[in-house]
Amino acid sequence: MTTDADEPTLTIDELAARSGVTVRTVRFYGTKGLLPPPVLGPRRVGHYGPGHLARLALIEELQRQGMTLAGIERYLRQLPPGLSAHDLAVHRAVVASWAPDTVETVTREELARRAGRPLAEEDVERLVAMGVIRPAEDGYEADLGLLRLGTGLLDVPLSPEAIFAARKVLLEHARAAARELSQLFRGEVAERDARDVRSLSAHMHPLVVQALLTAFQRSLKEELGEWLTRPAGGPAADQGHA
């Protein structure tokens, strides 16, 4: 497990279990330079942290998109050095957005493997409440694009009601943005050849997703910064001149 300070406290066996890959695969990625080396502790035992987990999740997503190992190596080499686990998660979200919806029916055991961690019954119930999975005859129908995100939310100290409300807000604003952008692009391509329309869509999809993620990330950082620096019980910035 990891500490609140995100210290690298996972052994290679724990990292493999959390990420859903084998120890051999972890070592292979290390020799290929896809994973940074672990921090050596007492008795030269290697310890891994959230960054390694996030990088393994990104590699898994790139493989799911059909990228070869050589392509994954090139992709990772192009990333800025020193990316945090959060930054890597953003990259993975962008990569996942290129693919169509990936809903699969999985068993209870496969669900835990895909999540990269053991799932208690309470965890499964929260994932169902978030809309990430839903019970099926042979197990669960899982939205694999959302499973890692939903699993991460299991550790967030928020009530299921708060998470559900946050999901509703995000979906409403995301649909509104998608609708307005769609209308804007539709006007641009109305008179163009169908092949041009498909080409524009293929190029714009990942760019728009990246732009939305970046804008949201910066806006959320500003909002949280104002909230954390505001005196307890003090008025919001836009209420100070009432």
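Reading the values: rules and limits
- Residues numbered from 1 in each chain as written.
- Predicted model: local features only at pLDDT ≥ 70, side-chain atom pairs only at ≥ 80, totals over all residues.
- Heavy atoms only, no water.
- pLDDT = per-residue confidence, 0-100.
- Helix = DSSP H or I, 4+ residues; strand = E, 2+ residues; numbered from the N terminus.
- Contact = heavy atoms within 4.5 Å.
- Pairing = 2+ DSSP bridges.
- Axes fitted to C-alpha atoms, helices over the stretch in contact; angles between N-to-C directions.
- Phe/Tyr/Trp six-rings, centres within 6.5 Å; stacked < 30°, edge-to-face > 60°.
- Buried < 20%, exposed > 50% of the residue type's maximum accessible area, 1.4 Å probe, protein only.

Participant: Just to check I follow, could you spell out the confidence of the model for the protein for this structure?
Facilitator: Note: predicted coordinates in regions of low pLDDT should not be interpreted at a detailed level. For the protein, the average pLDDT comes to 77, and 74% of its residues sit at 70 or higher. Mean pLDDT per element in the protein: helix 10 (residues 194-229) is the minimum at 66, and helix 2 (residues 23-31) is the maximum at 94. For residues 1-5, every residue scores under 50 in pLDDT, and the model assigns this stretch nine contacts once sequence neighbours within four places are set aside. Below pLDDT 50 for its whole length, residues 237-242 participates in one contact with residues either more than four positions away or in separate chains.

Participant: Help me out: how do you make sense of the sheet that holds strand 3 (residues 103-106) in this one?
Facilitator: Sheet strands associate in pairs through backbone hydrogen bonding, adopting either a parallel or an antiparallel arrangement. Reading across from one edge, 3-5-4 is the order of the three strands in this open sheet, with antiparallel pairing throughout. Each of the sheet's edge strands pairs with one partner strand only, and the pair in question is strand 3 and strand 4 (133-136). The average undirected angle you get between the axes of adjacent strands in this sheet is 25°. Where strand 4 lies against strand 5 (residues 139-143), four bridges are found, and the strand directions are antiparallel. Residue pairing for strand 5: Ala136 is matched across the bridge by Gly139. Across the sheet, helix 6 (residues 108-115) touches strand 3, strand 4 and strand 5, and the angle it forms with strand 3 is around 130°.

Participant: What is the right way to read the packing of aromatic side chains from this model?
Facilitator: Aromatic ring pairs are described here by two measures, namely the spacing of the ring centres and the angle between the planes. In total, this model carries one aromatic pair according to the counting rule given. For the ring pair Phe28 and Tyr29, a centre distance of 6.1 Å and an interplane angle of 50° mean the geometry is tilted. Classification of Phe28 by relative accessible area gives partly exposed; the value is 38%.

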